[in-house]
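Analysis of the macromolecular model
Listed below, chain by chain, are the residues.
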Amino acid sequence: MKVGDLIQVQEEIPFGPPVGAIGIVELVQIQKVCVKGGLIGRSPEDGGPVHAEEKCIMAMFGDTRERVSTYYDRYVVVGKA
């Protein structure tokens, strides 16, 4: 998925755009997120925090910008940039 692709919502997204809504992807980036808390300064093996990468996708639906990256199975790409 790239910036400029059109996506359509296929299933309900909680507090998101309605089913059938078509949006345009405005931002695609990888973010570092904490998946398990711990003491800062320690390695994960010694009780420190554990981090992973998450793909963040922001799309514009009408006049509303929505983060849709956690709902990959609920939308499809209907047009490629």
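Before reading on, note that the structure itself is shown above.
Residues numbered from 1 in each chain as written. Predicted model: local features only at pLDDT ≥ 70, side-chain atom pairs only at ≥ 80, totals over all residues. Heavy atoms only, no water.

Structural notes on the pairing of strand β2 (residues 22–36)
- Both strand β1 (residues 6–9) and β2 contribute to a ladder of 3 bridges, which runs antiparallel. Paired with L6 across the bridge in β2 is I24.
- Here β2 runs beside strand β3 (residues 50–61); their pairing, made up of 11 bridges, is antiparallel. Opposite V28, over in β3, you have I57 as the bridge partner. (Pairing = 2+ DSSP bridges. Helix = DSSP H or I, 4+ residues; strand = E, 2+ residues; numbered from the N terminus.)

Here we look at the sheet that holds β1
- Strands sit in the order β4-β3-β2-β1-β5 across an open sheet of 5 strands; the sheet is antiparallel. In this open sheet, the two strands that pair with only one neighbour each are β4 (64–67) and β5 (75–79). Neighbour-to-neighbour, the strand axes of this sheet turn through a mean angle of 40 degrees, independent of strand direction.
- In this structure, β1 lies alongside β5, joined through 4 bridges in antiparallel fashion. Considered in β5, the bridge of I7 is made with V77. (Axes fitted to C-alpha atoms, helices over the stretch in contact; angles between N-to-C directions.)

A look at the environment of A59
- In this structure, A59 sits in strand β3.
- Filtering out sequence-adjacent residues up to four positions away, A59 remains in contact with I7, I24, V25, E26, T64, R65, E66 and V68. (Contact = heavy atoms within 4.5 Å.)

Brief notes about the pairing of β4
- Sheet topology note: the β3/β4 ladder contains 4 bridges and is antiparallel. Bridge pairing links A59 to E66 in β4.
- Connecting β3 to the antiparallel partner β4 that follows it, the hairpin turn spans 2 residues, and G62 within it adopts a positive phi of roughly 65 degrees.

Comments concerning the side chain of D5
- You can see D5 is positioned in the segment before β1.
- With no salt bridge to any partner, buried D5 finds its closest opposite charge in K80, at an N-O distance of 4.4 Å.
- A distance of 2.9 Å separates a polar side-chain atom of D5 from the backbone nitrogen of K2. (Buried < 20%, exposed > 50% of the residue type's maximum accessible area, 1.4 Å probe, protein only. Lys, Arg positive; Asp, Glu negative; His and termini not counted. Salt bridge = Lys/Arg side-chain N within 4 Å of Asp/Glu carboxyl O. Polar contact = N/O pair within 3.5 Å; in protein donor to acceptor, adjacent residues only side chain to side chain.)

It is worth stressing that arrangement in space is one thing and function is another; only the former is reported here.
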